[in-house]
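Understanding the architecture of this molecule
The chain contents come next:
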Amino acid sequence: VHFGRWLIEGSPYVILFDISSAAWNLDRWKGDLWDTCQIGLPYHDREANDSLILGSLIAWFFKELTDHLGDKPNVISHFHEWQAGAGLILSRSRNIPMATVFTTHATLLGRYLCAGNVDFYNNLDKVRGQGAMVGDKININKQQPDQWHA
C-alpha cells in the first residue's frame, strides 16, 4: 500500500494498492466471491482476476480502517467502474460500517443498457439486481446495484 498525493489540481490524497503483491491469495478470494454471491471468474481472465485482487484488498483495507476508527467511522467509499465492483460487493457482504457510492459511468453494464436505449436513471428501480448476461464481468456488474447506498 502506498499513500501520497495525486499530482493533479487540488493534490487530493490517494492510496495505491500493489495487486501483484497479493496475487497469491487469488484462489482463496475467488472462493470468497463465490461463497458471498455465487460469482465465478474464469481462470484465464486476467482483467477480472486483477479486479478481484484489487477488490479484496480494498475490502480488507476498509475493514482495518473502520475497526481502527471505532464506533463512528464516518467513512464514505466511492467505487467507480466494474473493476472496483468486487470491493463494493465484498465490503457490503462483510457489513463494513461505511457509506458506499457506485458510479455506473462507462461500466460494461451501463454501456449495454445505454446501447439498448434503456432510460437507466429513470428506471433504476427496474434495473436493480438484473442486467444482461454479457460475459463474466457483467456477473460482477449486475450484483452491484443491490450493494450501493447512493
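Right, let's walk through the structure included here. This one's a predicted model, so the numbers in the text were calculated from it and none came from an experiment.

**Notes on helix α2 (residues 46-69)**
- Between its first and last C-alpha atoms α2 spans 34 Å; for 24 residues at 1.5 Å apiece the expected length is 34 Å, and the two agree.
- For α2, the N-terminal cap is Asp 45; the gap from its side-chain oxygen to the backbone nitrogen of Glu 47 is 3.3 Å.
- Phi turns positive one or two residues past the end of α2, at Gly 70, with a value near 85°.

**Focus: the pattern of salt bridges**
- Under the criterion given, the structure shown has three salt bridges.
- Among the ionic pairs, Arg 94 bridges to Asp 32, the shortest N-O distance being 3.6 Å. Linking Arg 94 in the loop between α3 (85-93) and β4 (99-103) with Asp 32 in helix α1 (residues 26-37), this pair joins segments that are 62 residues apart in sequence.
- You can call Asp 32 partly exposed: its relative accessible area is 24%.
- The salt bridge involving Lys 63 is made with Asp 67; its shortest N-O contact spans 2.9 Å. With Lys 63 and Asp 67 both in helix α2 and four residues apart, this pair spans about one turn of that helix.
- Among the residues examined, Lys 63 registers a relative accessible area of 36% and is labelled partly exposed.

**Brief notes about the layout of surface pockets**
- Of the volumes computed, that of the largest pocket is approximately 440 Å³.
- Lining the largest pocket we find 14 residues, and of these Ile 15, Phe 17, Ile 58, Phe 62 and His 78 sit closest to its centre.
- Of all the elements, strand β3 (residues 76-80) adds the most residues to the lining of the largest pocket, at five residues.
- Grouping the amino acids of the lining of the largest pocket by side-chain chemistry returns 10 nonpolar, four polar and no charged.

**Notes on the nonpolar core**
- The biggest cluster of nonpolar side chains holds 15 residues, and the ones touching the most others in it are Trp 29, Leu 33, Ile 39, Leu 41, Leu 52 and Ile 53.
- When contributions to this core are tallied by element, the ones reaching two or more residues are α1, α2 and α3.
- When residues of this core are assigned to their parent elements, the largest contribution, five residues, is made by α2.
- Counting nine residues, the second-largest nonpolar core is a separate cluster that includes Ile 58, Phe 62, Phe 79 and Leu 88.

Reading the values: the criteria
Residues numbered from 1 in each chain as written. Predicted model: local features only at pLDDT ≥ 70, side-chain atom pairs only at ≥ 80, totals over all residues. Heavy atoms only, no water. Helix = DSSP H or I, 4+ residues; strand = E, 2+ residues; numbered from the N terminus. Expected span 1.5 Å × (residues − 1). Polar contact = N/O pair within 3.5 Å; in protein donor to acceptor, adjacent residues only side chain to side chain. Salt bridge = Lys/Arg side-chain N within 4 Å of Asp/Glu carboxyl O. Buried < 20%, exposed > 50% of the residue type's maximum accessible area, 1.4 Å probe, protein only. 1 Å grid on protein atoms, 1.4 Å probe; cavity = no way out; pocket = protein on both sides within 12 Å on 5 of 7 lines; lining within 4 Å. Points joined across faces, edges and corners; volume = space filled by probe spheres on them. Nonpolar A, V, L, I, M, F, W, Y, C, P; charged D, E, K, R; others polar. Core = buried A, V, L, I, M, F, W, Y, C linked by side-chain atoms within 4.5 Å.

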